[in-house]
Each structure stands twice: as C-alpha cells, then as structure tokens.
Amino acid sequence: MLLTLSHPEYFTVTGPGGQPCQGADQDWYLKSWQRRAGCGPTTAATILGYLTRVHPALAPMAPGDSHGDFLAYMEDLWRHATPGARGLDQAESFVLGCRSFALSRGCVLLGETLEIPHREKAPRPSLETCRDFLAEALYADLPVAFLNYSRGSLDNLDSWHWVPLIGMEEEESGKLPCLILDGGEEKVIDFTQWLNTSTLGGALAVVYPMIELEG
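Residues numbered from 1 in each chain as written. Predicted model: local features only at pLDDT ≥ 70, side-chain atom pairs only at ≥ 80, totals over all residues. Heavy atoms only, no water.

> What is the right way to read the packing of aromatic side chains from this model?
The geometry of an aromatic ring pair is captured by two quantities: the separation of the ring centres and the angle between the planes. This model, assessed by the stated rule, comprises 10 aromatic pairs. With centroids separated by 6.0 Å and ring planes inclined at 55°, the aromatic side chains of Tyr10 and Tyr50 adopt a geometry described as tilted. Pair noted here: Tyr10 is in the loop between strand S1 (2-4) and strand S2 (12-14) and Tyr50 is in helix H2 (residues 39-54), with a separation of 40 residues, a long-range link. Of the two residues examined, Tyr10 and Tyr50, each falls in the buried class. When the ring of Tyr73 is compared with that of Phe101, the centres are 5.6 Å apart and the planes differ by 85°; the resulting orientation is edge-to-face. On the criterion of sequence distance, the pair formed by Tyr73 in helix H3 (residues 71-78) and Phe101 in helix H4 (residues 91-104) is long-range, its members being 28 residues apart. Comparing Tyr73 with Phe101, the two get one shared label, buried. (Phe/Tyr/Trp six-rings, centres within 6.5 Å; stacked < 30°, edge-to-face > 60°. Helix = DSSP H or I, 4+ residues; strand = E, 2+ residues; numbered from the N terminus. Buried < 20%, exposed > 50% of the residue type's maximum accessible area, 1.4 Å probe, protein only.)

> In this structure, what is going on with a nonpolar patch on the surface? I would like to understand it.
The grouping of Leu103, Val108 and Met210 at the surface amounts to a nonpolar patch, some 250 Å² of accessible area in total. Locating Met210 in the fold gives a position in helix H7 (residues 210-214). Under the relative-accessibility criterion, Met210 is labelled partly exposed at 34%. (Patch = residues over 30% accessible without salt bridge, like charges linked within 9 Å, V, L, I, M, F, W, Y side chains within 5 Å. Areas by Shrake-Rupley, 256 points an atom, 1.4 Å probe, with all protein chains shown as cover. Salt bridge = Lys/Arg side-chain N within 4 Å of Asp/Glu carboxyl O.)

> What is the right way to look at the packing of H2 against H4 in this model?
In a pair of packed helices, the angle between the axes and the distance between the axes together describe the arrangement. Packing of H2 against H4 brings their axes to within 11 Å, and their N-to-C directions diverge by 55°. Relative to H4, H2 is oriented oblique. For the element pair H2 and H4, the recorded crossing hand is right-handed. When H2 is examined against H4, the residues Gly40, Thr43, Ala44, Ile47 and Leu48 are found in contact with a partner set consisting of Phe94, Cys98 and Phe101. A breakdown of the residues in the contact of H2 with H4 according to their chemical character gives 6 nonpolar, 2 polar and no charged. (Axes fitted to C-alpha atoms, helices over the stretch in contact; angles between N-to-C directions. Parallel < 35°, antiparallel > 145°, perpendicular 65-115°, else oblique. Left-handed = near helix turned anticlockwise from the far one by under 90°. Contact = heavy atoms within 4.5 Å. Nonpolar A, V, L, I, M, F, W, Y, C, P; charged D, E, K, R; others polar.)

> Looking at this structure, how should I read a negative patch on the surface?
On the surface, Glu112, Glu128, Asp132 and Glu136 cluster together into a negatively charged patch. Per-element accounting of the negative patch gives the leading share, 3 residues, to helix H5 (residues 127-139). Within the fold, Glu136 resides in helix H5. Taking the relative accessible area as the measure of exposure, Glu136 reaches 58% and is therefore exposed. (Lys, Arg positive; Asp, Glu negative; His and termini not counted. Charge placed at Lys NZ, Arg CZ, Asp CG, Glu CD.)

> What exactly am I supposed to notice about the pattern of salt bridges here?
A side chain of one charge can pair with a side chain of the opposite charge if their charged atoms are brought near each other. Taken as a whole, this structure holds 5 salt bridges when the rule is applied. Here Arg79 ties to Asp76 by a salt bridge, and the two come within 2.3 Å at their closest N and O atoms. With its nearest N and O atoms 3.0 Å apart, the salt bridge here joins Arg86 to Asp89. Classification of Arg86 by relative accessible area gives exposed; the value is 52%. Through salt bridges that share partners, Asp76, Arg79 and Arg105 make up one connected network.

> Looking at this structure, I do not really get H5. What am I missing?
Since the α-helix packs 3.6 residues into each turn, any two residues three or four apart lie on the same face. Taking 1.5 Å of rise per residue, the 13 residues of H5 would be expected to cover 18 Å, and the 18 Å separating its terminal C-alpha atoms lies within 8% of that figure. Those residues of H5 that sit buried are Cys130, Phe133, Leu134, Ala135, Ala137 and Leu138. One or two steps after H5, the chain reaches Asp141, where phi turns positive at roughly 65°. (Expected span 1.5 Å × (residues − 1).)

> Would you mind going over the nonpolar core with me for this structure?
Taken as a class, soluble globular proteins show a tendency for nonpolar side chains to be buried jointly. Judged by nonpolar contacts, the single largest core of 70 residues is most densely connected at Leu48, Met61, Phe94, Phe191 and Leu204. Examining the composition of this core, we find that 7 residues originate from one element, H2, more than from any other. (Core = buried A, V, L, I, M, F, W, Y, C linked by side-chain atoms within 4.5 Å.)

> What am I meant to see in the pairing of strand S8 (residues 185-190) here?
The side chains of a regular strand alternate between both faces of the sheet. Relative to S8, strand S7 (residues 177-182) runs antiparallel, the two sharing 6 bridges. Counted as the bridge partner of Pro177 is Asp190 from S8. With antiparallel pairing between neighbouring strands as the criterion, S7 and S8 make up a hairpin whose turn holds 2 residues, including Gly183 at a positive phi of roughly 65°. (Pairing = 2+ DSSP bridges.)

> Sorry if this is basic, but what is going on with unusual backbone geometry here?
Glycine aside, the phi torsion of most residues is negative, and most peptide linkages are trans. At Asp141, a position not held by glycine, the phi torsion is positive, near 65°. Phi at Trp160 takes a positive value of approximately 50°, unusual for a residue other than glycine. Following the sequence through the fold, Trp160 ends up in the loop between strand S5 (144-148) and strand S6 (161-169).

Structure below.
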C-alpha cells in the first residue's frame, strides 16, 4: 500500500540560484553555522510551506512571492526554530518552534511527537506503532518531520539530521520504504532498517492547524 500526500508538487521550491528543488536545502543558508545546524528550521520551512498551500486558513504563514526565493522563509523559521549548540535536537523544540512561527503570523498550530529512544536507555515504540503514526499523518495530508540521531546501517541518510517524510509504502517483506526530502531532492529510505539498526534513535513529529482538530 502506497501512502502519499495529496499535492507532492507543492514541495517544489525555488532556491537562491533560481533553480527548482524538491524541498529546501540547508546549504542555502548564508552563514556557516546555519549550514551546519540548519536541518531543523529547513525541515520546518519545507513542511509549513506545504501546509500553507493545502490549508487556506494558514495563508498568513505562506512564503512570500509564491515560493520564490525560499531562503527568506528559511531565515524566518530560523528565528523561531533556532538550533542550539547541538542543533535542534528535540522533537518538542521543533513543534514549539513551528507553533511560535505560526503565532507570529496570527495562526495556531498543534503538534504531536513520537519519541524513539536510545536503544539501551528506554523501550522503543514498535515498528507497528511507528507505522501507525506515519500512516495517520499521511492520511491527514500532513508531512512528518523525522529526526534521526544515528542513521544505523542506512547509507543515504546523515546522522543527527532532520528531514521531511512525505510518503511510505508497506511491503510484505517487512520493509517500510519511506520517501523523504533531503538536500533539495527526493530519497527513499527503509524505515524498518533504520529502526532496527539506529543505536541512538530519534523522533517523529507533526504539526497541524487547530481547525483540523475542531473539524
């Protein structure tokens, strides 16, 4: 079963050089520290940019100039979802940053997180629990922010990194291929492989307009 968002084309944004990309790239930031630590606010900008196009009530949060130079939007998100010395290293901080940005533009967001702890420190949620979290979000047309502290045996994902997760496909083999955006392009990772081999874990997070809860 393939689960995707209703308008994946809404993730096409324009970078500083005028090139179209699939999602934003933290390397667009001007300062070296931002380029090193900016995956959190970059992911927030990509996700919120999508939500503003799907939900008319969030129009005040939309990037300017119809997704023209997306860097200005990323800079706006940096001021609210600001990385610390270890980056934006908590899912709750990601949600609070998105909610702060929304309030600055007269909108209200809610959020949910699913923590995936260090393998040796606390029990982890099962693959089924993670899959259900992802499926519920994607069915509701909500991109998922995926934080991974260690990439495990995956060779196409950086450790200590945030990415938007925008689709998944369940396979009978037990694999869980997921579509992510990273560095301005689409990639496919096996979430099952990550969950089984990542020592440090990570988290999943979603943000959504309050009107969805009321509806």
